[in-house]
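Single-letter residue listing:
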Amino acid sequence: VVFFIALGVFFVIGLLFFCRPTVSEVEKRELTEFPEVSLGGMLDGSFWHGVDLWYSDTYPLREELIELGSLVKSLYGERSTQFIPGQSDRPADEIPDVTLPDPWGDDTDEIEPGTEPPETAPGTEPPETAAPGTDETTAPDTEPPETQPPETTGQQGGNDTPTGEMSGSIYIEGNRAFGLYYFNRKNSERYAEIVNRAYERFGGDADVYCVIPPLNSGVLLSQAVTEKLGASDQQRAIAYMYSLMSKNVRTVDAFGALSAHKNDYIYFRTDHHWTALGAYYAYTAFAKAKGVTAHGLDMFEHREYPGFLGTSYSSSRSQALKNSPDTVEAFVPFGTNKMKMTQADGSEIAWNIVNDVSAYNESSKYSCFAGGDQPFAYAHNESIKDGSACVVIKDSFGNAFVPFLIDHYEYVYWIDYRYYKGSFSSLIKDYGIDDIIFCPNVQSTGTDAVINMLDKLIES
């Protein structure tokens, strides 16, 4: 009787068309729309299949039921998974032998603070823009809330045996998720060729830099664990790609800079991105490659936005991750916090380089950096008058990296290669670009779709 009563209740809930969600905030996607009614679709079954997908994807209690299912699974307790060394559902190519770069020196802990910011640096106040989903414009407090990230448990590169579990393509150890990397030789070689071609095309006008952000597993997991999970050595993969690049391309050892600070909060636990602190250490490596002095962290206004549950949580729904939400840290450029971005529909709006996301939902707080994944954006630092300009070719990893460049150039432009539709050669010429900075993460460098988009971009 209880079962059939519950079944009836859920059936009635499923008929509440007006309560059906259209967007999943956790999964950051639009949900399936009701299919177009057609006689042909009814006869061949495609219409009914579409209705089935729509019904299950937009069920009013879908998110809550998924959470309940994850909670029930967590009650099973610790579950072991047998890991077979060298075996994986995504077999990786063998990485050719290559000489690894010299290890990052101890001087990374003693970064010179650089020149002091001007007393009246323009753009220190955020522009009058409202956060998405809010009606009011509010500037964040200058003092960050007194919160500390929860204590992290799990693999930090010290153990040699994996003791966690796989959830799809994500490895979860304790309260931390790791994205695994699988080397693809063909695409990695194509990526190096694309960077070289960028220098061949634009090297007479601009310097070309290559920053390859590693995934957290490459920096935080021990090599023994990486091998037993069947994943690839990211340091060797990056070194191999760098070895194929022209000596005129300035390669940046972001891996070494991050490895020197592996005990710091450089990667999120519940998300696949690096934190702003991780991006900062990569920026210090970029500054070293460029031959300029990196600005010290004490020169930036520091903000914190707690309660972040990222992509690793949304795809795994792990209760261990849910119970250990991240804190999004941000460091506001002192020259200006103003930017403009062109959205996918072509509209240009004013925004903040570091935006106040305290009112955002728990899955969207990483979007505080550089306007998020927009096709094109730029910032004008009026405290610098030398006409210097750079363009960053990025994916979402680059969002946290861009703010640290603002105080080194008068103009900083950044494009997301996944959405940018303009002519890259015209951008270099029209905006007087001095530095071209590649910043796709290491996973992207081995992906067919990404390589094809980058190839098309450089030729445009």
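This structure is a prediction, so every number in the text was calculated from the model and none was measured.

A. Up close: the overall build of the chain. Each helix and strand counted, the chain has 15 helices and 15 strands in total. Per-residue burial over the chain gives 49% buried out of 460 residues.

B. Highlighting the confidence of the model for the chain. For the chain, per-residue confidence averages 83 on the pLDDT scale, and 79% of positions sit at 70 or higher. Across residues 78–88, where pLDDT falls below 50, the model places 24 contacts with residues more than four positions away in sequence or in other chains. Per-residue pLDDT stays below 50 along residues 103–155; that stretch engages in 108 contacts with residues further than four places along the chain or on separate chains.

C. Structural context of the pattern of salt bridges. Applying the stated criterion to the full structure yields 13 salt bridges. With a shortest N-O distance of 2.6 Å, D435 and K290 are connected by a salt bridge. Of this pair, D435 sits in strand 15 (residues 435–439) while K290 sits in helix 10 (residues 276–290); the two residues are 145 residues apart in sequence, bridging distant segments of the chain. Where D416 meets R418, a salt bridge forms, and the shortest distance between an N and an O atom there is 2.6 Å. Overall, the relative accessible area of 0% leaves D416 in the buried class. Taking the relative accessible area as the measure of exposure, R418 reaches 26% and is therefore partly exposed.

D. Representation of helix 3 (residues 46–57) in the model. With 12 residues, helix 3 ought to run about 16 Å at 1.5 Å a step, and its terminal C-alpha atoms sit 16 Å apart, in line with that. Along helix 3, the positions that sit buried rather than exposed are F47, G50, W54 and D57. Along the axis of helix 3, the buried residues cluster in a sector spanning 100°; they form a single face.

E. Structural context of the packing of helix 5 (residues 185–202) against helix 15 (residues 448–459). Helix 15 packs onto helix 5 with a crossing angle of 10° between their chain directions and a minimal axis gap of 10 Å. Taken together, the axis directions place helix 5 and helix 15 in an arrangement best described as roughly parallel. Residues N187, R190, Y191, I194, R197, A198, R201 and F202 of helix 5 form the contact with helix 15, whose participating residues are D448, I451, N452, L454, D455, I458 and E459. Taken together, the residues of the contact of helix 5 with helix 15 break down into 7 nonpolar, 2 polar and 6 charged.

F. Geometry of a nonpolar patch on the surface. On the surface, a cluster of nonpolar side chains totalling about 400 Å² of accessible area is made up of F34, V37, M42 and W48. Within the secondary structure, V37 is located in the loop between strand 2 (29–30) and helix 2 (39–44). Judged by its relative accessible area of 51%, V37 is exposed.

G. Main features of the environment of I170. With respect to the helices and strands, I170 occurs in strand 4 (residues 170–173). What makes I170 buried here is its relative accessible area of 10%. Residues I170 and H272 lie 102 residues apart in sequence; the distance between their C-alpha atoms is 9.5 Å. When near neighbours in sequence (up to four residues on either side) are disregarded, I170 contacts E165, A177, F178, S312 and S315.

H. Representation of the environment of N452. Of note, N452 is situated in helix 15. Accessibility expressed as a relative area gives 43% for N452, which makes it partly exposed. The sequence separation of N452 and I194 amounts to 258 residues, and the corresponding C-alpha distance is 9.9 Å.

What counts, and at which threshold
- Residues numbered from 1 in each chain as written.
- Predicted model: local features only at pLDDT ≥ 70, side-chain atom pairs only at ≥ 80, totals over all residues.
- Heavy atoms only, no water.
- Helix = DSSP H or I, 4+ residues; strand = E, 2+ residues; numbered from the N terminus.
- Buried < 20%, exposed > 50% of the residue type's maximum accessible area, 1.4 Å probe, protein only.
- pLDDT = per-residue confidence, 0-100.
- Contact = heavy atoms within 4.5 Å.
- Salt bridge = Lys/Arg side-chain N within 4 Å of Asp/Glu carboxyl O.
- Expected span 1.5 Å × (residues − 1).
- Arc of directions from axis to C-beta.
- Axes fitted to C-alpha atoms, helices over the stretch in contact; angles between N-to-C directions.
- Parallel < 35°, antiparallel > 145°, perpendicular 65-115°, else oblique.
- Nonpolar A, V, L, I, M, F, W, Y, C, P; charged D, E, K, R; others polar.
- Patch = residues over 30% accessible without salt bridge, like charges linked within 9 Å, V, L, I, M, F, W, Y side chains within 5 Å.
- Areas by Shrake-Rupley, 256 points an atom, 1.4 Å probe, with all protein chains shown as cover.

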